[in-house]
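Spelled out, the chains give:
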Amino acid sequence: MKKSILTTAIFTLLSTAILTSCNSPKEKLDDATTEVVEAGDDLIKANDDYLMEVENFKASEAAKIEANEATLKAYNAKLLKKSNASLKKKIADLDQKTQELKKKLADFKADVEKEKWAEFKEEFNRDMEGLGKAFNDLTIDNSN
């Protein structure tokens, strides 16, 4: 009799533990719904962060391009007094590269080309760095 009571008690405890540890289908659905909503919120936040990064990058680079254009205008004003064909050609080339970068920056569509963002940013930074070096070389050549 003790064995049957002990067996019944153990069976009852195990059954209770198993039944209370299981989630009902409604709880499972609620959990899944919550996870989907949280994942959607995370996706929206990540997309907003990405768009903000692109916007900040474009604004920063546009400011650099404007500074380059102002420098080129200043060089062109100085060149009116001189007749250095080589320097005029270098300035014209720099102006063309600046305009190409300006167009490239304006043409990048953040919402369409998401997967290309890192590549675009790296390439654009490399091009801007090259343009900056060319401006420095122009200044060095001009001061001699």
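Fair warning: this is a prediction, and the values are worked out from it, not measured in the lab. Throughout, residues of each chain are indexed from 1 in the direction in which the sequence is written. Totals for whole chains, interfaces and linings use every residue, but because this is a predicted model, local features are given only for residues with pLDDT of at least 70 and side-chain atom pairs only at 80 or more, for both listing and counting. With hydrogens and water excluded, all non-hydrogen atoms of the structure serve as input to the side-chain values.

Peer 1: In this structure, what is going on with the overall build of the protein? I would like to understand it.
Peer 2: Counting from the N terminus, the helices are the DSSP runs of H or I reaching at least four residues and the strands are the DSSP runs of E reaching at least two. The number of helices and strands found in the protein is four helices and zero strands. In sequence order, the protein lays out its α and β elements as α-α-α-α. We call a residue buried when its accessible area falls under 20% of the maximum for its residue type, exposed when it is over 50%, and partly exposed in between, using a 1.4 Å probe and counting protein chains only. Looking at the protein as a whole, 17% of its 144 residues qualify as buried. Contacts are assigned to residue pairs that have any heavy atoms within 4.5 Å of one another. Considering only intrachain contacts with a sequence separation of at least 6, the fraction spanning at least 24 residues in the protein is 76%.

Peer 1: Looking at this model, I keep getting lost on helix H3 (residues 85-107). Mind explaining?
Peer 2: Three- or four-residue spacings in an α-helix give side chains the same orientation, since the helix completes a turn every 3.6 residues. Given a rise of 1.5 Å per residue, 23 residues ought to cover 33 Å, and the 33 Å separating the end C-alpha atoms of H3 matches this to within 8%. Taken as a whole, H3 has its buried residues at Leu 87, Ile 91, Leu 94, Thr 98, Leu 101 and Leu 105. A helix's residues, less one, multiplied by 1.5 Å, set its expected span.

Peer 1: Any chance you could explain the side chain of Asn 68 here in plain terms?
Peer 2: Mapped onto the secondary structure, Asn 68 falls in helix H2 (residues 25-79). Judged by its relative accessible area of 14%, Asn 68 is buried. In this view, Asn 68 contacts Thr 98, Met 128, Leu 131 and Phe 135; residues no more than four positions away in its chain are not counted.

Peer 1: Teacher, can you tell me more about the nonpolar core here?
Peer 2: Inside soluble globular proteins, nonpolar side chains tend to come together where they are buried. Nonpolar core, defined: a set of buried Ala, Val, Leu, Ile, Met, Phe, Trp, Tyr and Cys residues in which side-chain atoms within 4.5 Å join the residues together. Counting residues in hydrophobic clusters, the biggest one holds 21 residues, and the most contacted among them are Ile 91, Phe 108, Trp 117, Phe 120 and Phe 124. Residue assignment for this core shows that the elements contributing at least two residues are H2, H3 and helix H4 (117-143). Setting aside its immediate chain neighbours within four residues, Phe 124 contacts Phe 57, Glu 61, Ile 65, Leu 101, Lys 104 and Leu 105.

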